[in-house]
Amino acid sequence: MYNEIDLDKIDINSEPPTEEPARQYYFMAKCRGWVQEFKKKNGRCPFFFTQTFGCQMNARDSEKICGILETIGYVQTDEEEADLVLYNTCTVRENANNKIYGRLGYLNGYKKKNPDMKIALCGCMMQEKGPVEKITKSYPFVDIIFGTHNFFKFAELLVQSFETGQTVVDIWEDTEKIVEKLPTVRKFPFKSGVNIMFGCNNFCSYCIVPYVRGRERSRKPEEILSEIRSLAADGVVEIMLLGQNVNSYGKTLDNPISFAELLKEVEKISGIERIRFMTSHPKDLSDELIEVMKNSSKICHHLHLPVQSGSTRLLEKMNRKYTKEEYLSLVGKLRKAIPDIAITTDIIVGFPGETEQDFEETMDVVRKADYDSAFTFIYSKRTGTPAASYEDQVPEHMVKERFDRLLKEVQEIAARKSMQLEGKVEKVLFEHQNEQDEALITGRLSNNSVVHVKGSVELIGKIRDVKLTECKGFYYYGELYGHA
Ligand code: 5AD
Ligand code: SF4
């Protein structure tokens with residue numbers, strides 16, 4: 001089991017092991033010695049604060065980093081003025097990077113008050129040369145910089161920082177390595193993300209991810225299944241299988257297995273009641289997967305299927321490898337097989353060369369696909385991607401005007417779709433107490449919609465029948481149904 005390695009039994013005066021994860025447990029034991037000294041000196045535990053930017057992958061990586069820190073003896077806090085602050089960064093769009101520079105300004109002030117404070121940065125933005133050069137030059141108070149491939153080494157880097165007092169920069173360009181069995185803490189006791197693969201091989205022409213997350217590699221099915229079994233034994237009822245393109249899972253393994261086959265195995269694990277996954281690339285979504293989803297009693301009726309654009313001409317320039325018609329026919333197939341499926345998407349507005357006609361094609365797909373919701377993004381030029389050098393960038397005012405039109409359409413369709421469930425009884429997994437109104441407990445339907453229900457905190461982590469009494473556009477109010 002994770003979290004149960006006895007660090008006290010590790011001899012930290014011997015040489016560190018070369019094998020993983022044993023090497024990292026050795027460094028965790030070493031850091032623990034430092035934490036004990038801190039406690040003696042300050043009469044309290046050291047506190048850590050983490051903030052995660054970006055996608056579910058980053059969120060899961062952060063849970064593992066928090067697992068390392070808690071094993072060492074740090075205690076998590078919501079206060080940014082902590083003894084260790086770590087930002088797990090995103091770089092998919094330019095504004096994500098700007099947020100980090102802004103936050104670092106504040107941290108400098110905190111560090112002046114607490115010179116022993118450690119500041120660590122990791123994640124996708126650290127995989128880019130430009131930002132790392134800028135940080136080491138203009139923000140020299142940052143202690144540790146590491147990337148997406150070596151976050152498992154955090155304890156080792158922390159030891160290096162304690163011992164040398166110098167800025168530690170450790171970025172790997174890529175890796176074949178998948179380190180299993182590290183400690184982890186989960187944000188929610190009843191649901192968890194599970195990585196099934198890392199990296200991406202698709203090289204969509206606007207996207208930085210393949211450059212910062214490296215080549216696609218799948219975890220072995222037995223590792224995934226054993227992790228899910230121990231999560232289930234620990235009370236987890238919902239899992240989200242994570243990968244940049246889950247539909248190509250397993251292709252590069254020594255014993256190849258399809259994503260659909262993996263899902264069938266996950267389905268057999270008792271205790272797991274809901275299975276979600278993301279993200280699906282339309283070009284790899286197989287009939288076999290649709291069949292497995294249709295016959296499953298656990299796979300949620302929700303599919304996130306990024307379209308990016310409705311224009312076949314732009315899809316080709318984006319290197320997406322499907323046409324508008326192929327995408328719509330896939331949506332048709334899914335809706336026919338699973339009539340109550342919620343389909344959501346990602347759309348980029350203002351990709352270089354986008355004409356009014358291209359944009360109208362996107363609007364057409366939005367109407368025809370009848371999305372339950374859509375994440376809409378303004379195209380952001382990412383240095384190093386092919387699209388960054390395309391000359392015909394679209395003027396900002398035009399992009400903004402299209403973006404507003406798209407958002408309006410997406411919201412109208414989503415609101416109309418949500419109305420269809422008003423008055424119905426659906427299963428809800430309750431997740432947390434409502435922040436604005438403590439009498440309400442917030443949960444999610446199988447299709448991922450949010451519902452607020454009057455009830456007590458005992459509901460959290462449980463799945464119950466709920467009557468959706470009122471649709472508020474993007475969420476519902478409901479009542480427990482059929483319970484005494
Ligand atoms: N500009 C805008 N949006 C982007 N995405 C990825 N790269 C960019 C970019 N350069 C969006 C895509 C992807 C989502 C995670 O982020 O829509 O599906
Ligand atoms: Fe980026 Fe395309 Fe890979 Fe998704 S599939 S991470 S959009 S390159």
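Below you will find a few notes about this structure. This structure is a prediction, so every number in the text was calculated from the model and none was measured.

Parameters at a glance
- Residues numbered from 1 in each chain as written.
- Chains lettered and ligands numbered in written order.
- Predicted model: local features only at pLDDT ≥ 70, side-chain atom pairs only at ≥ 80, totals over all residues.
- Heavy atoms only, no water.
- Near = heavy atom within 4 Å.
- Nonpolar A, V, L, I, M, F, W, Y, C, P; charged D, E, K, R; others polar.
- Core = buried A, V, L, I, M, F, W, Y, C linked by side-chain atoms within 4.5 Å.
- Buried < 20%, exposed > 50% of the residue type's maximum accessible area, 1.4 Å probe, protein only.
- Polar contact = N/O pair within 3.5 Å; in protein donor to acceptor, adjacent residues only side chain to side chain.
- Areas by Shrake-Rupley, 256 points an atom, 1.4 Å probe, with all protein chains shown as cover.
- Helix = DSSP H or I, 4+ residues; strand = E, 2+ residues; numbered from the N terminus.
- Pairing = 2+ DSSP bridges.
- Right-handed = clockwise from strand over helix to strand, strands pointing away.
- Axes fitted to C-alpha atoms, helices over the stretch in contact; angles between N-to-C directions.
- Parallel < 35°, antiparallel > 145°, perpendicular 65-115°, else oblique.
- Contact = heavy atoms within 4.5 Å.
- 1 Å grid on protein atoms, 1.4 Å probe; cavity = no way out; pocket = protein on both sides within 12 Å on 5 of 7 lines; lining within 4 Å.
- Points joined across faces, edges and corners; volume = space filled by probe spheres on them.

**Examining the site of ligand 2**
- What surrounds ligand 2 is the set Cys-200, Asn-202, Phe-203, Cys-204, Tyr-206, Cys-207, Val-209, Pro-210, Gln-244, His-281 and Arg-320.
- Among the residues making up the shell around ligand 2, the classes are represented as seven nonpolar, three polar and one charged.

**Observations regarding the nonpolar core**
- Core analysis: the biggest nonpolar cluster contains 69 residues, and Ile-239, Leu-241, Phe-259 and Phe-277 have the highest contact counts within it.
- Core analysis: the next-biggest nonpolar cluster, separate from the first, contains 30 residues, Cys-31, Tyr-74, Ala-120 and Leu-157 among them.

**Observations concerning the site of ligand 1**
- With respect to spatial proximity, the complete set of residues near ligand 1 consists of Val-92, Arg-93, Tyr-206, Gln-308, Asp-346, Ile-348, Phe-377, Ile-378, Tyr-379, Ser-380 and Arg-382.
- Contact distances for ligand 1 include 2.6 Å between an oxygen atom and a side-chain N or O atom of Gln-308.
- Contacts to ligand 1 include Asp-346, whose side-chain N or O atom sits 2.6 Å from an oxygen atom.
- Relative to its unbound accessible area of 410 Å², ligand 1 is 86% covered by the protein chains.

**Focus on the pairing of strand β10 (residues 238-242)**
- Here β10 lies mainly inside the structure; five of its five residues are buried.
- Going residue by residue along β10, you find Glu-238, Met-240 and Leu-242 tucked away on one face and Ile-239 and Leu-241 tucked away on the opposite face as well.
- Strand direction decides the pairing type here: β10 and strand β11 (residues 274-278), joined by five bridges, are parallel. Counted as the bridge partner of Leu-241 is Phe-277 from β11.
- Note on the crossover from β10 through helix α8 (residues 259-267) to β11: the handedness is right-handed.

**Examining the sheet that holds β10**
- Spatially, the three strands line up as an open sheet ordered β7-β10-β11, and their pairing is parallel. Strand pairing shows two members of the sheet lacking a second neighbour, β7 (191-195) and β11, which therefore form its edges. The average undirected angle you get between the axes of adjacent strands in this sheet is 20°.

**Thoughts on the packing of helix α2 (residues 56-72) against helix α5 (residues 154-164)**
- With their axes 10 Å apart at the nearest point, α2 and α5 run at an angle of 55° to one another. On the basis of the axis angle, α2 is oblique to α5. Within the contact between the two elements, α2 uses Ile-65, Ile-68, Leu-69 and Ile-72 and α5 uses Phe-154, Ala-155 and Leu-158.
- Class assignment for the residues of the contact of α2 with α5 results in seven nonpolar, no polar and no charged.

**Observations regarding the layout of surface pockets**
- In this structure, the second largest pocket encloses a volume near 360 Å³.
- Taken together, 14 residues line the second largest pocket, and the ones lying closest to its centre are Ser-218, Arg-219, Lys-220, Leu-253 and Asp-254.
- Counting residues per element, the ones that place at least two in the lining of the second largest pocket are β9 (217-218) and α7 (221-233).
- A per-element tally of the lining of the second largest pocket places α7 first, with three residues.

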